[in-house]
Amino acid sequence: MKSPKIYPAIWFNHNGSEAAKFYCSLFENSIIINESQTAVTFELDGYYLMGINGGPMFKPNASISFYVECDSVEEIDEKFEKLKEDGMVMMPLDSYPWTARYAFLEDRFGVSWQLNLRAEGNTNQKITPSLLFVNEKNGKAADAVKLYTSVFNKGRSLEMSHYGPGQGNTEGHVLFSRSEIDGFQFIAMDGPGVHQFDFNEGISILVSTEDQKETDYFWEKLTANGGEEVQCGWLKDPFGVTWQIVPKRFMELISSGNPEQTKRVFDAMMPMKKLIIADLEKAAE
């Protein structure tokens, strides 16, 4: 099964397969695509995700959540009940000024979900990652949308609304937005108040690149103006959002079925920041 160009990756404490199977039980048309000791890929109602069995180093948090459009009261109630088991409810399932039924909660794996009862005429996709810009980043959502839609092909803003007077945040900050980059949709919002979470490696956005030229392009664009090179193809953009820039060739080299080759490629990757395809191929040989 072909993976999309851009998709979310969730960091788990060695229980990615357990989480993926739990999520697949919640959504129709869901499937585990591939499982290994290090990662699991799966689709939830056609939406592609990766789970990384990385250990306790990083944990997902509410800065990036998954916004789910539920098609009935029964569906939203059922998903809420199952996701809240051993989790934490941040906004209870109830009616709010912007929707008839909504909840914001964290599941037992630390992943956050926004459940919304789909309004009549709403044709948005079932699952969309939602980025919440809080604390000193409150007010930066529009700038992030502008950056992402300028860097990627077919970048466009689909909708954007702003806070008005007396709405609890600085007038003009982003109340809600939905954008698309190379077929990947995301929500971006500014969040008022003081929060104990921020963007981290717990949820990253993976970009699959065709060659070294494209790898270099995304690496340079996303680390410019205050971004940060991390390690193993990981970086942080100027807003602190974590991205993985991963050449398709790397995935081919570690999927050869040859354990010794896979180990050599991983060993070569570990000291790298940006991934260099030629050096990975040399290690494979």
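To start, this report covers the structure provided alongside it. Position numbers for residues start from 1 in each chain and track the written sequence from start to end. pLDDT decides what is reported in this predicted model: residues at 70 or higher carry local features, side-chain atom pairs at 80 or more are listed and counted, and totals for whole chains, interfaces and linings draw on all residues regardless. The side-chain figures draw on all heavy atoms in the structure; neither hydrogens nor water molecules are used.

**Points about the sheet that holds strand β5 (residues 64–70)**
A pair of strands is labelled paired if DSSP reports no fewer than 2 bridges between them. Note on conventions: DSSP H or I runs of at least 4 residues are helices, E runs of at least 2 residues are strands, and numbering of each starts at the N terminus. Across the sheet, 8 strands lie side by side as β6-β7-β8-β5-β9-β12-β11-β10; this open sheet has mixed pairing. The sheet is open, and its two borders are formed by β6 (88–96) and β10 (156–162), each paired with just one other strand. With direction set aside, neighbouring strand axes in the sheet form an average angle of 20 degrees. As judged from the 4 bridges shared by strand β11 (residues 174–181) and strand β12 (residues 184–190), these two strands associate in the antiparallel manner. For arginine 178, the partnering residue across the bridge sits in β12 and is isoleucine 187. Sheet strands in contact with helix α3 (residues 141–151) are β9 (127–133), β10, β11 and β12, and its direction is about 10 degrees off that of β11. Fitted lines through C-alpha atoms give the axes, limited to the stretch in contact for helices. The angle between two N-to-C directions lies from 0 to 180 degrees. Contacts between residues were defined by any pair of non-hydrogen atoms, one from each residue, lying within 4.5 Å.

**Observations concerning the pattern of salt bridges**
Whenever Lys or Arg places a side-chain nitrogen within 4 Å of a carboxyl oxygen from Asp or Glu, that contact is recorded as a salt bridge. Under the criterion given, the structure shown has 18 salt bridges. In this structure, the salt-bridge partner of lysine 126 is aspartate 71, at a minimum N-O distance of 3.2 Å. Placement of lysine 126 in the loop between β8 (112–117) and β9 and of aspartate 71 in the loop between β5 and α2 (73–83) is noted, with a sequence separation of 55 residues between them. When the shortest N-O distance is used, the salt bridge between glutamate 210 and lysine 248 registers 2.6 Å. On the criterion of sequence distance, the pair formed by glutamate 210 in the loop between β13 (203–209) and α4 (212–223) and lysine 248 in helix α5 (residues 248–254) is long-range, its members being 38 residues apart.

**Notes on the side chain of glutamine 114**
Along the chain, glutamine 114 falls in strand β8. Polar contacts, as counted here, are pairs of nitrogen or oxygen atoms within 3.5 Å of one another; within protein the pair requires one atom able to donate a hydrogen and one able to accept it, and residues that are adjacent in sequence qualify only if both atoms are side-chain atoms. Side-chain polar atoms of glutamine 114 contact the side chain of tyrosine 102, separated by 2.6 Å. Apart from the residues lying within four places of it in its own chain, the contact partners of glutamine 114 are Ser65, Phe66, Tyr67, Val68, Tyr102, Ala103, Phe104, Ser130 and Met189.

**Side note on helix α6 (residues 259–269)**
Relative accessibility decides the category of a residue: with a 1.4 Å probe and only protein chains considered, values under 20% of the type maximum give buried, values over 50% give exposed, and everything between is partly exposed. Along α6, the positions that sit buried rather than exposed are Gln261, Thr262, Val265 and Met269. Along the long axis of α6, the arc covered by the buried residues comes to 100 degrees, so they all point the same way. Within α6, the exposed residues directed more than 90 degrees away from the buried face are Pro259, Glu260 and Lys263. Those residues of α6 that are buried are in contact with α5 and α7 (277–284). The N-cap residue of α6 is asparagine 258: its side-chain oxygen and the backbone nitrogen of glutamate 260 are 3.0 Å apart. It is the directions from the helix axis to the C-beta atoms whose arc is reported.

**With respect to the side chain of aspartate 237**
Here aspartate 237 shows up in the loop between β15 (234–236) and β16 (242–247). A polar atom in the side chain of aspartate 237 sits 2.5 Å from the side chain of tyrosine 148. Leaving out residues up to four positions away in the same chain, aspartate 237 has contacts with Tyr148, Leu222, Gly226, Gly227 and Trp243.

**Examining the nonpolar core**
Counting residues in each nonpolar core, the largest one holds 56 residues, and the members touching the most others are Tyr23, Leu44, Trp113, Leu115, Tyr148, Phe152 and Trp243. Examining the composition of this core, we find that 6 residues originate from one element, helix α1 (residues 16–26), more than from any other. The contact partners of tyrosine 23, leaving out residues within four places of it in the chain, are Phe12, Phe42, Leu44, Asp107, Phe109, Val111 and Trp113. The definition of a nonpolar core used throughout is a set of buried Ala, Val, Leu, Ile, Met, Phe, Trp, Tyr and Cys residues joined through side-chain atoms within 4.5 Å. Counting residues in each nonpolar core, the second largest holds 20 residues, with Tyr7, Ala9, Met50 and Leu280 among its members.

**Description of the environment of alanine 20**
As for its position among the elements, alanine 20 is in helix α1. Classification of alanine 20 as buried rests on a relative accessible area of 0%. Taking the C-alpha atoms as reference, alanine 20 lies 31 Å from glutamate 159; in sequence the two are 139 residues apart. Beyond its immediate stretch of four places on either side in the chain, alanine 20 contacts Ile32, Val40 and Phe42.

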